[in-house]
Amino acid sequence: MLFRPENPLIVQGDGSLLLEVDNERHEDARDFLARFAELEKSPQHIHTYRITSLSLWNAASAGLGAHEVVAGLIEFSKYDLPPRMVDDIHEKVARFGKVVLLPPRPDDPGTLLLDVLEPTVARKVASNKKAIAAMRGAVREGLFRVPLVNRGSIKQILLRMGYPVEDRAGFTDGASLHVHLRQETRSGDKFSLRKYQHQAIAAWSRKGGDDGGHGVVVLPCGAGKTIVGLATMAANQTQTLILATGVSSVRQWIEEILERTNLTEDQVGEYSGTQKQIRPVTVTTYQILTHRKSTESEFTHLGLFSAADWGLIIYDEVHLLPAPVFRITADIQARRRLGLTATLVREDGREADVFSLIGPKRFDVPWRELERRGFVAEAQCIELRVGLSTPLSLAYKNAEARKKIRIAAENPRKLEVVAELLNRHVDDKVLIIGMYLDQLEQVAKLFNAPLITGKTPNPQRDELYGRFRRGEIRVLTVSKVANFSIDLPDANVAIQLSGTFGSRQEEAQRLGRILRPSGGDAVFYSVVTRSSREQEFAHNRQLFLTEQGYNYLIEEWDPAEEEREASQPMFA
Amino acid sequence: MSLNTFFASLPHEILVQYRDLYLDGERGSAAPPLPAGVVTLSDEQVTTYATDLATLFADPKWVRRRMRGMSRSAHVALVGLLHSQGIGGGTWLLQELTQSHGMSEDLWAEVLHSLGTELWVFGNSRQSPPLFYVIPARLAEVLQHQFGRRLKLQGTQTDEEIRLSPDTNYRHPLGFSIISFLTYLRQNRIRVTRKGEIFKKNLEELSSFFSSLWGSGDEEKILEWHLDVVQELGLCCHREGFLVADDRAIEGFLAAGPDARRTLYLSYFLHREPLLGWLLEELHRLEPDEWVPLQRIRTLYRRRYMGGVFHRRYVRQSYYLPPSGFYDPNPPLEVIQLAGLLESGLGSEGSYVRLSELGRRFISGEGFQELESREGIQFMVQPNFEVLAPVGLDLSVLWKLGELASLQQVDRANTYTLSRESVREGLSTGLRSEEALTFLSDESATELPQNVVSTITDWIGSHGEVELHDALVLSALPTRAAAVRKVLVAEGVQFESLSDTVFAIPREKQETVLKALQAKGMSPAPSVRRHDLADALGTQHKLPGRLDEPLDRNEPQRSSFPVKSLVMLGAPAAEGGKEAMARRGFRTGKVGANAVGADLSVKPAAAGAGALLKLSPAKTISVVKAAIRLKLDLEVLYPSTEESDPGGLSRVTPIEVQEAGGSSFFSGHHHGLDREVEFRIKRIHGIRLAT
């Protein structure tokens, strides 16, 4: 058995790759793995990557060969590679490019051609019922006719069969639009693309080749995904539809477009619950697109996709793309598509649909690298454990399960902690996040920190956000509703007072609020009641955040004082 | 037996035939020729002919000339018979030669009979074919010298590239896999039927759990192999319908060290199949990159195996009913392949095998320790409570980690998770609270993350502040206390004085202490009194000493005795090695029917590792030969080698296995007598590899 302790990688039999971070060759190995494996976990010492069919096809679409993958793994590995894995890599990579979707012939403009290069695969395709239904017969053995409208669905069907389709059918250019990036923003700041943003755009467009113009760019929160979107618009000079996660996000996109491009207000439209503007650049939400009056009725706003001659569609946070949008996306495969996300991991496991319908991953950069270069703030997570006062402790022990959570969440001692933390961060912009309105109102009043809840009207919300961004407000109190929709570029401290462990996306998003670089490091505080259910929830959060690579510290909040109090007789 | 003795012991008719065939024509014998038809020779004649013939046959040049004069078929027949250790059943040998080399059985019979006329091959009946074809042992030696390499396993001569077979997946070092397997058994409930079979669902779970370490395809067989090994070595046992890891046996196994563990594995292999020793050695003799065609191994093994069968029938005149597959026994490659000692390859002409690197190190013993645990390999505790333990980690550390963290995945690096439950489970099985964090921080390659330390401290809470201990309390009247203490000291029983007249002793020492007390004239009641303070009767029989009485300051060892050790006293010392393991094997009911002293009413089962075994003569010979090959000492239970030898269990360094007049014996250096003695195989009552 081979053993080279100086190497940084352990290749496991199940396809996962364990990379030692403290190894001298770590960076080389990391850059190599990023080309064909997905980063699954990145805790402090060992990062876990995984090789999947999709990750290999993503790599193959970027021109990486199986031999190169295997040779690299051998070069960096501590132990022998599992032989079956080597065969698997060769077999899977070889599948990419075996099926190619070609543009229509001039004599048959309504039909694409599906070229299956291997006879055995062609026979499989020809005998698959779903594939037969999506095609319109064969020109000859291995060359099938596919109606234009089935461009997306045939790719999905073949991917489920294990054969990724290389889409070279080309795109419609869409109505032209003169867009360029400003060198100086409207506010007067210097502006230029960062090197990795240039690289991302180049990787997506594939130098204008027929295999480019669709795909996903993966960048961590705060790395400037929006900027990549704007630069793509400028590169394509075409009318663009942008799909974002919520209204606030839509407005942020619009603000960024106006701030950093030559486009004017009359060229950029908002298509949301309040406004239905369709302009050369239109920004909308997933919610409005998937809105319908009842579960039986049609989606009201899907017509937006054909409302203009879009040459480019940008899917922001593509990992949140809802199922109906997948369906409509399958029908508009002739449009150029850019997916933007911080992670390809979807809670619903539909990564394959992202690959088929939006396109393969074109660019990825490790956030640690951006952190090292100062493009993303270094985040520190601190869990502060605070005890309950003696009477509350007794009440907690006698309470029902649901009530227990509330008692722990609303522990009054937490306010002392908040006061101390606000003193600690007098020069920082602080978000106080909570779940229970009573507690948040108390905090807002006590610390003079305006409160934003679900009931806060959008104009008031935007006004508060604006004041916060401008520095007129230093501390903002927000309820759970603010998790997704807000974007506070300058917040670098968050104090979470209450809230159960949410989905992985929710946690990432919440932390993402404070990742924008602002000169100092970002700190995320979770104040939890010691030895309570809340501490268990905090443990789950701890696992998730440490897996993401964040530093996590636990501080006991003045236990001595609490012990003193505990030793006092209760009924003295 | 020398050549001279061999010729001298031949029937006179045969000796005369030898004389006529070889002495008359080749060299003039000093003795006068006998009249034709006379078959009775004088002692002097026998001595003369035997000496001359021995001189002739001992001359390699002369033998070579004779061999050169023979046909190729004759060579093939001789080699075939030599492969089967000089004895082959008549029908079988003819079929074997036909199957391996073509030609008809009749033609082979002719070849063998022509060798018979030249007195190289004999038969034992006048049937055609005879019941057995035989090359006498001394002649076989002469021929073995001539055929040398052809008798051994030969590597392939082909230049073609032999590709490592895809079913030869990554092979883990034995210890890592076995300890991971035992950890799984420890942490998961594996149900077994009354017949000792594992439930299918559990088997599937096990198989799937270990698939990434063992590779896909062979999981079920590798699983069976692991189950067999751990049960055979007494590392796990059946308890209340579940298969459970035996913590004490495992402690002994880990304390034994890599070399002793290697010996245990070897004895397991030999126990499974005595010819494995020979096979492994043959494979080890080849160059590391040299492949052997599978077919060649099969032929060689088949012949050797059948030779053993016919040897039993011919020499020992016992009818041995062979297992199924009698005429085409498969070499027991699977058992060593599953252990990762063998790898297979595919060439254009079929399958090949060779020893893997692990196999070579295992056989030679060189570097085996390094394979089991490598210097500088440590586990890593991550801030997300994951612990990664790579191959090469010290096995004791690997096992201890499994006590504290839950095993999530086995692979080149095992993944464990620290959780509240796993930590508390570890503490409940004897780990002290302060040990848990110390172990993690000492053995981790990186500093323990602050959040992990803080959380584990929280989980540990107040564990261990108050503990229960299991012990026997021995009380005495003040007048007898001193005598009792003396007995305990004399017997070497570890004890703790709870007061001047009350002692805590390990439960396991109950019998020893009782006997010792009786021998000293004290007659304690053999039953243990239940001390119930709530019981009126109990209060009448209060312990005579007060537990809170200060201890005698003149005996400082009492007060320095750690309370925790009360639990440890009962455990057999980890250094007990195989002896202790064998004893534990007995306790857990895995007592082989062939283990010396076994309870024959117990259903026969595999003997525990290290047990003294009463084996069949053939298996005894195999063990002795294996010990010679591997340069290991034996422990032999033998009545007496001579008048001055009282007999009993002796340590012997075996030198040579010999056969004479149908009985087998081996010579070896008797450590007790400090000289070379001979042991008749049949008289050996028990044998095992010495520690």
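Reading guide: rules and limits
- Residues numbered from 1 in each chain as written.
- Chains lettered and ligands numbered in written order.
- Predicted model: local features only at pLDDT ≥ 70, side-chain atom pairs only at ≥ 80, totals over all residues.
- Heavy atoms only, no water.
- Helix = DSSP H or I, 4+ residues; strand = E, 2+ residues; numbered from the N terminus.
- Buried < 20%, exposed > 50% of the residue type's maximum accessible area, 1.4 Å probe, protein only.
- Contact = heavy atoms within 4.5 Å.
- Areas by Shrake-Rupley, 256 points an atom, 1.4 Å probe, with all protein chains shown as cover.
- Pairing = 2+ DSSP bridges.
- Axes fitted to C-alpha atoms, helices over the stretch in contact; angles between N-to-C directions.
- Polar contact = N/O pair within 3.5 Å; in protein donor to acceptor, adjacent residues only side chain to side chain.
- Disulfide = S-S within 2.5 Å.
- Buried area = accessible area lost by both parts, 1.4 Å probe.
- Salt bridge = Lys/Arg side-chain N within 4 Å of Asp/Glu carboxyl O.
- Nonpolar A, V, L, I, M, F, W, Y, C, P; charged D, E, K, R; others polar.
- Domains from an automatic or database assignment.

### What about the overall build of chain B?
Within chain B, the secondary structure is distributed over 30 helices and 22 strands. A buried classification covers 50% of the 691 residues belonging to chain B. Counted over contacts in chain B with a minimum sequence separation of 6, partners at least 24 positions apart contribute 64%. Only carbon and sulfur atoms are counted for the fraction: they give 50% of the accessible area of chain B, which is about 32,900 Å².

### So, helix H15 (residues 275-285) of chain B
In terms of burial, H15 of chain B is largely enclosed, as eight of its 11 residues are buried. Three or more residues of H15 of chain B are buried, namely Leu275, Leu276, Gly277, Trp278, Leu279, Leu280, Glu282 and Leu283 of chain B.

### Things to note about the sheet that holds strand S16 (residues 496-497) of chain B
Hydrogen bonds between backbone atoms are what pair the strands of a sheet, whose relative direction is either parallel or antiparallel. All names here are of chain B. Spatially, three strands are ordered S15-S17-S16 in an open sheet, and the strand pairing comes out antiparallel. The outermost strands of the open sheet, each flanked by one partner alone, are strand S15 (472-475) and S16. In terms of strand pairing, S15 meets strand S17 (residues 502-505) through four bridges, oriented antiparallel. Following the sheet pairing, Leu474 is matched in S17 by Phe503. Sitting on the sheet, helix H24 (residues 478-491) touches S15, S16 and S17, and the angle it makes with S17 is about 20°.

### Focus on the side chain of Thr111 of chain A
Residue and element names in this part refer to chain A. With respect to the secondary-structure elements, Thr111 resides in strand S6 (residues 111-116). On the basis of relative accessibility, which here comes to 1%, the residue Thr111 falls in the buried class. A polar atom in the side chain of Thr111 sits 3.1 Å from the side chain of Arg136. Sequence-distant contacts of Thr111, defined by excluding residues within four places in its chain, comprise Pro104, Arg105, Arg136, Arg145, Val146, Pro147 and Leu148.

### So, the state of the cysteines
Residues and elements named next belong to chain B. Within the structure shown, the criterion is met by zero disulfides over all chains. The thiol of Cys236 is unpaired, and the distance to the nearest cysteine sulfur, on Cys237, comes to 6.8 Å. For Cys237, a relative accessible area of 4% translates into the label buried.

### A look at the interface of chain A and chain B
Counting residues at the interface gives 34 residues for chain A, matched by 38 residues for chain B. Here chain A and chain B share an interface that buries about 2,900 Å² over both sides, 52% of which is from carbon and sulfur atoms. In this structure, the connection of chain A to chain B is made through one salt bridge. Here Glu386 of chain B makes a salt bridge to Lys41 of chain A, at a shortest N to O gap of 2.3 Å. The tally of links from chain A across to chain B stands at 14 residue pairs in polar contact (both at pLDDT 80 or more). Taken together, the elements giving at least two residues each to the side of chain A that touches chain B come down to strand S1 (9-11), strand S2 (16-20), helix H4 (83-95), helix H22 (533-547) and strand S23 (551-556) of chain A. The element best represented in the side of chain A that touches chain B is H22 of chain A, accounting for seven residues. Looking at the side of chain A that touches chain B, its residues break down into 14 nonpolar, nine polar and 11 charged.

### Side note on the domain arrangement of chain B
Quoted interface sizes are often the accessible area lost when the parts come together. On domain assignment, one finds that chain B holds domain 1 (3-58), domain 2 (63-151), domain 3 (164-285 + 323-368), domain 4 (375-460), domain 5 (472-520) and domain 6 (617-689). Domain 4 of chain B and domain 6 of chain B are separated by 48 Å when their C-alpha centres are compared.

### A few points about the sheet that holds strand S5 (residues 190-191) of chain B
Residue and element names in this part refer to chain B. Strand order in this open sheet of three strands is S5-S7-S6, and the pairing throughout is antiparallel. Because the sheet does not close on itself, it has two edges, and the strands there are S5 and strand S6 (236-239). Pairing geometry for S6 and strand S7 (residues 242-245), over four bridges, is antiparallel. Residue pairing for S7: Cys237 is matched across the bridge by Val244. Seen against the sheet, helix H9 (residues 174-187) touches S5, S6 and S7 and runs at an angle of roughly 125° to S7.

### Looking at the pattern of salt bridges
Within this structure, the stated rule accounts for 52 salt bridges over all chains. Arg19 of chain B is the salt-bridge partner of Asp20 of chain B, the closest N and O atoms lying 2.6 Å from each other. The exposure class assigned to Arg19 of chain B is buried, which follows from its relative accessible area of 5%. Each of Glu383, Arg385, Arg530 and Glu556 of chain A takes part in salt bridges that share partners, so that together they form one network.

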